[in-house]
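Coordinates in review
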Amino acid sequence: MKAFRVRLARSGLELFVAEGRSIASVLQEAGVELPTSCEQGICGTCRTTYLEGEPEHNDFVLTPREQESELMPCCAGSRSELLVLDL
Ligand code: FES
């Protein structure tokens, strides 16, 4: 997965997700509270709404309709350079 940025809509915090990293691990490293469990896109624990951008969904939980507004930060990448999360 290529690198991209994530912005947290509520705080304005912007973080760089390097190639090979997960959004969840980058958020947690920055001190953002994000519960995770399986970290494989299976359990649905990390489910997060996004507001802008085009995620690359790699989970086994969300339906195509849900994928229009939600993503799994433990395994999602991004097709756009920026993803804005509702966090
Ligand atoms: Fe299980 Fe993300 S932690 S789907």
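Scroll up for the structure.
The present account deals with the structure reproduced in this document. (Residues numbered from 1 in each chain as written. Predicted model: local features only at pLDDT ≥ 70, side-chain atom pairs only at ≥ 80, totals over all residues. Heavy atoms only, no water.)

**Regarding unusual backbone geometry**
The backbone phi angle of Glu39 is positive, close to 55 degrees, even though this residue is not glycine. Of note, Glu39 is situated in the loop between helix H1 (23–29) and strand S3 (48–52). (Helix = DSSP H or I, 4+ residues; strand = E, 2+ residues; numbered from the N terminus.)

**With respect to the side chain of Glu70**
Tracing the chain through its elements places Glu70 in strand S5 (residues 70–71). In terms of polar contacts, Glu70 uses its side chain to reach the side chain of Arg47, at 2.8 Å. (Polar contact = N/O pair within 3.5 Å; in protein donor to acceptor, adjacent residues only side chain to side chain.)

**Considerations on the pairing of strand S1 (residues 4–8)**
The two faces of S1 differ: Phe4, Val6 and Leu8 on one face are buried, but Arg5 and Arg7 on the other face are not. The pairing of S1 with strand S2 (residues 14–17) spans four bridges and is antiparallel. What sits directly across from Arg7, in S2, is Glu14. Linking S1 back to S2 in an antiparallel pair, the connection comprises five residues, with Gly12 at a positive phi of about 80 degrees. (Buried < 20%, exposed > 50% of the residue type's maximum accessible area, 1.4 Å probe, protein only. Pairing = 2+ DSSP bridges.)

Geometry only, nothing functional implied.
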